[in-house]
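Observations on chain architecture
The residues making up each chain are set out below.
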Amino acid sequence: MTLVMGIVNVTPDSFSDGGRYADADAAVAHALRLRAHGADILDVGGESTRPGAERVDPSIEQDRVLPVVRALTEASLVVSIDTMNASTAVAAVEAGARIVNDVSGGLADPGLLAAVAATDADIAIGHWRGHSTDMYARAEYGDVVDDVIAELRGRLEAAASAGIAPSRIILDPGIGFGKKGAQNWAVLRDLDRLVGLGPRVLVGTSRKRFLAEALADDPADADEARRDLATAVTSALAAQAGVWAVRVHDVAGTRDALTVARSWQEGSRWTSSTRSH
Ligand code: PMM
């Protein structure tokens, strides 16, 4: 069964009232809700990677995420840390995170792969071509699927030479990162090719702009509820393509979509006794 990774963004704009401790408490409460909705992994991040987002100093990032990682680990939840910084990755693993989720695949911080190699954490390696401020400027491809696969193979080799065993690696096509609308759909259509490479595959489509562009002439017309429904559909289709996990905001909706898709595949209701939750 495809796993669900619930998104826990600990950035000042992600929860209403600001203030570091208020943010941490709200993030922990949010994560526990996602767990109750069926999240298998909680992905904690303290730096936004949205198009145009500013970089955050690693010490500020750590102030935001470490209390949350600690609290969730103490509550026996499986935590991944969404970071591009080696120092944050190591500190979060020390605080209990089991997966380092680097959307840049080790490119943003040249020390990250070696730092993760020295821990026992797994690593999710994203396809990435540059920071959010100018990522669409790099969305030039020959064949987008061939290029994404070739570049991810390169990152796999970099991770292996840094000393990370293949069994610890998870590949992510980096939907929305350095890719415009149709390029994302091309990658998703051929997701089975990425799955065929061997390592586990993680996919994050949640609420992303390309979904809104597919739903409405003006993406602003596709509100959060419509984007969440679209995410549940893309996540179910990704599960059919054999991915290991999907990264989503709306865990409840995607969990239902995955259960329905699984029932279809099994030819019977995928009941609570056979589900993992
Ligand atoms: N997307 C975002 C952040 N982290 N991590 C992985 N592994 N894959 C993704 O596609 C991904 C990610 C950006 O989305 P958000 O700002 O809505 O969290």
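Note that the structure is a prediction, hence the values are computed from the model and not measured.

**Some points on unusual backbone geometry**
Notably, Ser76 is not glycine yet its phi reads approximately 65°, a positive angle. Along the chain, Ser76 turns up in the loop between α2 (58-74) and β3 (79-82). Ser76 sits in the exposed class, given a relative accessible area of 65%. Positive phi is not limited to glycine here, since Arg207 has a value of about 60°. Position of Arg207 relative to the elements: it lies in the loop between β7 (200-203) and α8 (209-215).

**Details of the side chain of Arg168**
Within the element layout of this structure, Arg168 appears in the loop between α5 (144-161) and β6 (169-172). For the buried Arg168, no salt bridge exists, and the shortest N-O distance to an oppositely charged side chain is 4.6 Å, to Asp122. Here the side chain of Arg168 touches Ala117 through a polar contact of 3.5 Å, landing on its backbone oxygen. Beyond its immediate chain neighbours, meaning those up to four positions away, Arg168 contacts Val116, Ala117, Thr119, Asp120, Ala121, Asp122, Ile123, Gly163 and Arg200.

**Overview of the site of the ligand**
Taken together, 13 residues are adjacent to the ligand, and Asp82, Asn101, Asp172, Lys208 and Arg247 come closest. The side chain of Arg247 places a nitrogen or oxygen atom 3.0 Å from an oxygen atom of the ligand. Counting atoms within 2 Å of the grid points, the majority share of the ligand lands in the largest pocket. Residue composition of the shell around the ligand, by class: three nonpolar, five polar and five charged.

**Looking at a negative patch on the surface**
A cluster of acidic residues, Asp217, Asp218, Asp221 and Asp223, forms a negative patch at the surface. If you trace the backbone, Asp223 turns up in the loop between α8 and α9 (224-240). A relative accessible area of 41% places Asp223 in the partly exposed class.

Cut-offs applied
Residues numbered from 1 in each chain as written. Predicted model: local features only at pLDDT ≥ 70, side-chain atom pairs only at ≥ 80, totals over all residues. Heavy atoms only, no water. Helix = DSSP H or I, 4+ residues; strand = E, 2+ residues; numbered from the N terminus. Buried < 20%, exposed > 50% of the residue type's maximum accessible area, 1.4 Å probe, protein only. Lys, Arg positive; Asp, Glu negative; His and termini not counted. Salt bridge = Lys/Arg side-chain N within 4 Å of Asp/Glu carboxyl O. Polar contact = N/O pair within 3.5 Å; in protein donor to acceptor, adjacent residues only side chain to side chain. Contact = heavy atoms within 4.5 Å. Near = heavy atom within 4 Å. 1 Å grid on protein atoms, 1.4 Å probe; cavity = no way out; pocket = protein on both sides within 12 Å on 5 of 7 lines; lining within 4 Å. Sits in = over half its atoms within 2 Å of the grid points. Nonpolar A, V, L, I, M, F, W, Y, C, P; charged D, E, K, R; others polar. Patch = residues over 30% accessible without salt bridge, like charges linked within 9 Å, V, L, I, M, F, W, Y side chains within 5 Å. Areas by Shrake-Rupley, 256 points an atom, 1.4 Å probe, with all protein chains shown as cover. Charge placed at Lys NZ, Arg CZ, Asp CG, Glu CD.

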